[in-house]
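Observations on the three-dimensional arrangement
So the chains spell out like this:
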Amino acid sequence: QVQLVESGGGLVQAGGSLRLSCAASGRTFSRYCMGWFRQAPGKEREFVAAINWSGDRTYYGDSVKGRFTISRDNAKNTVYLQMNSLKPEDTAVYYCARSSYSSIGSRPDEYGYWGQGTQVTVSS
């Protein structure tokens, strides 16, 4: 059984920063790609970022490139999302997810486990 618990969301002004964390249970964390997705009200779930099993490859959605950074600490079973230069359009519920694969993927159907989500609100 894999459980993912996100933390670090909140309210921030435009231009500010937040760091999300996702703690995973289980002993297989280091074998799999991890990803972050987000969903704003009335919109479809959107890919944000992913990192492969070893952490040496990352991939970002176009809307966050150059502003967000994904990283992982396999010793702590934790993946992070550093979000800088936040914009009001970044407002959404952010979800951590564990892929079914070790390599990077950006499709939600590649991810078998999801956290409960953490709200990020960026005010203008």
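What this report covers is the structure whose coordinates are included nearby. (Residues numbered from 1 in each chain as written. Predicted model: local features only at pLDDT ≥ 70, side-chain atom pairs only at ≥ 80, totals over all residues. Heavy atoms only, no water.)

Next up on the list: the side chain of Arg67. Among the secondary structure elements, Arg67 is positioned in the loop between β6 (58-60) and β7 (68-73). Judged by its relative accessible area of 10%, Arg67 falls in the buried class. For Arg67, the contacting residues outside a window of four places in its chain are Gln82, Met83, Asn84, Ser85, Leu86, Lys87 and Asp90. (Helix = DSSP H or I, 4+ residues; strand = E, 2+ residues; numbered from the N terminus. Buried < 20%, exposed > 50% of the residue type's maximum accessible area, 1.4 Å probe, protein only. Contact = heavy atoms within 4.5 Å.)

This brings us to the state of the cysteines. Inspection of the entire model under this criterion finds one disulfide. At a sulfur-sulfur separation of 2.1 Å, the disulfide partner of Cys22 is Cys96. The chirality of the disulfide connecting Cys22 with Cys96 is left-handed, given an S-S dihedral of about -75 degrees. One end of the pair, Cys22, is in strand β3 (residues 18-24); the other, Cys96, is in strand β9 (residues 92-99), and 74 residues separate them in sequence. Overall, the relative accessible area of 0% leaves Cys22 in the buried class. Taking the relative accessible area as the measure of exposure, Cys96 reaches 0% and is therefore buried. (Disulfide = S-S within 2.5 Å.)

Bringing unusual backbone geometry into the picture now. Non-glycine residue Asn77 carries a positive phi angle of around 55 degrees. Checked against the element boundaries, Asn77 lands in the loop between β7 and β8 (78-83). Within the chain, Ser85 stands out as a residue other than glycine whose phi angle is a positive 50 degrees. Checked against the element boundaries, Ser85 lands in the loop between β8 and β9. On the basis of relative accessible area, Ser85 is assigned to the partly exposed category, the value being 40%.

Sheet architecture is open: four strands sit in the order β1-β3-β8-β7, paired in antiparallel fashion. The sheet is open, and its two edges are formed by β1 (4-7) and β7, each paired on a single side. Between one strand axis and the next, the sheet turns by 15 degrees as a mean value, whatever way the strands run. For β1 and β3, the ladder comprises four bridges, and the chain directions are antiparallel. By the bridge assignment for β3, Leu4 is matched with Ala24. (Pairing = 2+ DSSP bridges. Axes fitted to C-alpha atoms, helices over the stretch in contact; angles between N-to-C directions.)

From the geometry alone we can't say anything about function, so treat these as descriptive.
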